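Understanding the architecture of this molecule
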Amino acid sequence: DFSILAYGTYIGLLIGDSRLVEQYVNRLECLLSPRSVWDSGQYHYILAAAALLTKDFTKSQFHLDESLRIAEYSGTTFPIGTSLILAATFSIEQNDYSSAMEILDRISHINVSQHTGTIFFLKKLVLADCAMAQYRKAEMNSHLIAALSDAAKNGIMVPLGISRERLALLLSEAIRADIET
């Protein structure tokens, strides 16, 4: 089933295992229905995240554009939000912080009715990442406090769209700053 295999790829992305992601992606391709907008968008999101994991920025950009195009075509706000989160992370990886901030600002303008807590948690986490990348410690800590408080309050445990290495750095900064939730 497509959804179950997609979860396998998400696990691979979360643990930073590109080989595991590739194994699941190969199996996903066989189940991909061109008529399923949701599956097609999710497939491109996964490929964008997988390419970002391996630092293949050209491939990541292509699949990010497709993921966002499909999400916007469908009008489904959760995939729009997650695609924007990944696009902002992509911009941070490219040291394009102004683009990352513009992308994150777009999230404020969409009506994310389902999974609102997840999208806004991710937005705050990526804002913290963007601040960290620019050595803005006070701003980073402020966003980390907000993100981790949201996570604790809403039971959010899956930081999709942010690299494992950068997440580890952010969490080590939270520990260093004695940020609790």
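This structure is a prediction, so every number in the text was calculated from the model and none was measured.

On to the nonpolar core, then. Counting 56 residues, the largest nonpolar core has L125, L144 and L170 as the members making the most contacts within it. A total of 11 residues in this core trace back to one element, the largest contributor, which is helix α7 (residues 116-133). For L144, the residues in contact, after removing those within four places along its chain, are L125, A128, L170, E173, A174 and I179.

Another aspect to go through is the environment of F57. Here F57 is to be found in helix α4 (residues 57-74). By relative accessible area, which is 25% here, F57 ends up partly exposed. If sequence neighbours within four positions are ignored, F57 has contacts with L52, F90, E93 and Q94.

With respect to the helices, strands and loops of the structure, H44 is situated in helix α3 (residues 37-53). The residues contacting H44, other than those within four sequence positions of it, are H63, E66, S67 and I70.

This next bit is on the packing of aromatic side chains. Enumeration according to the criterion identifies three aromatic pairs in this entry. Between Y7 and Y10 the ring centres are 6.4 Å apart and the planes differ by 65°, which places this aromatic pair in the edge-to-face class. With a gap of three residues between them, Y7 and Y10 both fall in helix α1 (residues 2-15), about one helical turn apart. Ring pairs connect the aromatic residues Y7, Y10 and Y45, which therefore count as one cluster.

A cluster of nonpolar side chains, contributed by I11, L14, I15, M157 and V158, occupies part of the molecular surface with about 480 Å² of accessible area. Here M157 lies in the loop between α8 (137-154) and α9 (164-176). Classification of M157 as exposed rests on a relative accessible area of 72%.

Another point: unusual backbone geometry. Of note in this structure, K55 is not a glycine but carries a positive phi near 65°. By the element assignment, K55 lies in the loop between α3 and α4. Residue K55 is classed as partly exposed on the basis of its relative accessible area of 42%. Of note, the phi angle at Y135 is positive, near 60°, even though the residue is not glycine. Turning to its location among the elements, Y135 is positioned in the loop between α7 and α8.

Glancing now at helix α6 (residues 97-107). Of the positions making up α6, those classed as buried are Y97, A100, I103, L104 and I107. Along the axis of α6, the buried positions cluster into a sector of 120°, meaning they face one direction only.

Looking now at the pattern of salt bridges. Here the structure, examined in full by the defined rule, presents eight salt bridges. A salt bridge links D150 to K124; the nearest nitrogen and oxygen atoms lie 2.5 Å apart. Separated by 26 residues along the polypeptide, D150 in helix α8 and K124 in helix α7 bring together distant segments of the chain. Its salt-bridge partner being R166, residue D129 comes within 2.6 Å of it at the nearest N-O pair. Residue D129 is located in helix α7, and its partner R166 is located in helix α9; the two are separated by 37 residues in the primary sequence. A single burial state applies to D129 and to R166, both of which are buried.

About the cut-offs
Residues numbered from 1 in each chain as written. Predicted model: local features only at pLDDT ≥ 70, side-chain atom pairs only at ≥ 80, totals over all residues. Heavy atoms only, no water. Core = buried A, V, L, I, M, F, W, Y, C linked by side-chain atoms within 4.5 Å. Buried < 20%, exposed > 50% of the residue type's maximum accessible area, 1.4 Å probe, protein only. Helix = DSSP H or I, 4+ residues; strand = E, 2+ residues; numbered from the N terminus. Contact = heavy atoms within 4.5 Å. Phe/Tyr/Trp six-rings, centres within 6.5 Å; stacked < 30°, edge-to-face > 60°. Patch = residues over 30% accessible without salt bridge, like charges linked within 9 Å, V, L, I, M, F, W, Y side chains within 5 Å. Areas by Shrake-Rupley, 256 points an atom, 1.4 Å probe, with all protein chains shown as cover. Salt bridge = Lys/Arg side-chain N within 4 Å of Asp/Glu carboxyl O. Arc of directions from axis to C-beta.

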